[in-house]
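Read off the chains here:
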Amino acid sequence: MSKRALKKYVSELKKRQLEEQLLDLYDRFPAVKSYFDFVFNPKEDKLLQEAKAKISNEYFPVKRKRARARRSVAQKYIKQFVKLGMDPVYIADLMLYNLEIAQLFSKDRNVPEAFFKSMLNSFEQSVGHIASHSLLPEFKERIITIYEFTQTQQWAYKEGFSRALDMID
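Right, let's walk through the structure included here. Everything quoted here is computed from the prediction, not taken from an experiment. Sequence order as written defines the numbering, with residues in each chain counted from 1. Residues qualify for local features only when their pLDDT is at least 70, as the model is predicted, and side-chain atom pairs are given and counted only at 80 or more; totals for whole chains, interfaces and linings, by contrast, use all residues. Excluded from the side-chain calculation are hydrogens and water; included are all heavy atoms of the structure.

The biggest cluster of nonpolar side chains holds 43 residues, and the ones touching the most others in it are Tyr59, Leu94, Phe115, Met119, Phe123 and Ile143. Every element with two or more residues in this core is listed here: helix H4 (44-59), helix H5 (71-84), helix H6 (88-106), helix H7 (113-132), helix H8 (136-152) and helix H9 (158-166). Numbering of helices and strands runs from the N terminus; a helix is a DSSP stretch of H or I covering at least four residues, while a strand is a stretch of E covering at least two. When residues of this core are assigned to their parent elements, the largest contribution, 10 residues, is made by H6. Contacts are assigned to residue pairs that have any heavy atoms within 4.5 Å of one another. When sequence neighbours within four positions are dropped, the list of residues in contact with Phe123 reads Leu99, Ile143, Ile146, Tyr147, Phe161, Ala164 and Leu165. Definition used in this section: a nonpolar core is a set of buried Ala, Val, Leu, Ile, Met, Phe, Trp, Tyr and Cys residues joined via side-chain atoms within 4.5 Å. Relative accessibility decides the category of a residue: with a 1.4 Å probe and only protein chains considered, values under 20% of the type maximum give buried, values over 50% give exposed, and everything between is partly exposed.

Here it is as structure tokens:
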């Protein structure tokens, strides 16, 4: 259904029918429920802390022995926060937190090359997000710290991290 057809359909509904449709969507689809819960009660701090806890648990598990270290967990939360229209500062904070916790994880472990490529992608996305939302003054120190870690720890794709950092200069 096109947006135009949807507009026509909605405009033909009576108020009561529209209310029933919205309530039905709210009950049937968790994404709709999540959206309305956020719109009417945006507890951004709470959502951010929950996401950070899940990401941390991915690298330093509490209940299981072995870390999974999946970048996809953080990406899922970042994507969800963008969809909800969360403040770009919170999204940038989560993006950098993901990199920081991954660096802490990699410090004393032998991680595969794919891990470094994944973290380079995260770094590029973070720097791009921060630059596009003019948040550099708030996050420059953390970005530089992450970059310096990649250089001193001899991470693979060091040049890629340098190129990504050039985006903000």
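Structure shown, so let's carry the discussion forward.
Inspection of the secondary structure assignment puts Arg71 in helix H5. Charge assignment: positive for Lys and Arg, negative for Asp and Glu; neither His nor the chain ends contribute. Each salt bridge in this description consists of a side-chain nitrogen of Lys or Arg and a carboxyl oxygen of Asp or Glu lying within 4 Å of one another. Within the buried set, Arg71 has no salt-bridge partner at all; the shortest N-O distance to an opposite charge, 7.7 Å, is to Glu124. N or O atoms within 3.5 Å of each other form a polar contact, as long as, within protein, one can give a hydrogen and the other can take it, and as long as residues adjacent in sequence are counted only when both atoms are side-chain atoms. A polar contact of 3.0 Å, which involves the side chain of Arg71, links it to the side chain of Gln125. Ignoring any residue separated from it by four or fewer positions in sequence, one finds Arg71 in contact with Tyr59, Ser118, Met119, Asn121, Ser122 and Gln125.

Attention now moves to H6. Each helix should span, by expectation, one fewer than its residue count multiplied by 1.5 Å. Its 19 residues give H6 an end-to-end C-alpha distance of 27 Å, which sits within 8% of 27 Å, the value for a rise of 1.5 Å per residue. Burial analysis of H6 places 14 of its 19 residues in the buried class, which makes it a mostly covered element.

Next up on the list: the packing of H7 against H8. Each pair of packed helices can be described by the angle between their axes along with the distance between the axes. Here H7 crosses H8 at 160 degrees, and the two axes come no closer than 10 Å. Looking at the two axes, H7 sits roughly antiparallel to H8. Classified by chirality, the crossing of H8 by H7 is left-handed. Contact with H7, carried on its side by Phe123, Val127 and Ile130, involves Leu136, Phe139, Ile143, Ile146 and Tyr147 of H8 and no other residues of that element. In this count, Pro and Cys sit with the nonpolar residues alongside Ala, Val, Leu, Ile, Met, Phe, Trp and Tyr, while Asp, Glu, Lys and Arg are called charged and the others, Gly among them, polar. Residue composition of the contact of H7 with H8, grouped by class: 8 nonpolar, no polar and no charged. Fitted lines through C-alpha atoms serve as axes, helices being fitted only where they are in contact, and the angles separating the N-to-C directions of these axes extend from 0 to 180 degrees. In these notes the angle categories are as follows: under 35 degrees is roughly parallel, over 145 is roughly antiparallel, 65 to 115 is roughly perpendicular, and the rest is oblique. With the far helix as reference, a near helix turned anticlockwise by less than a right angle produces a left-handed crossing, and one turned clockwise produces a right-handed crossing.

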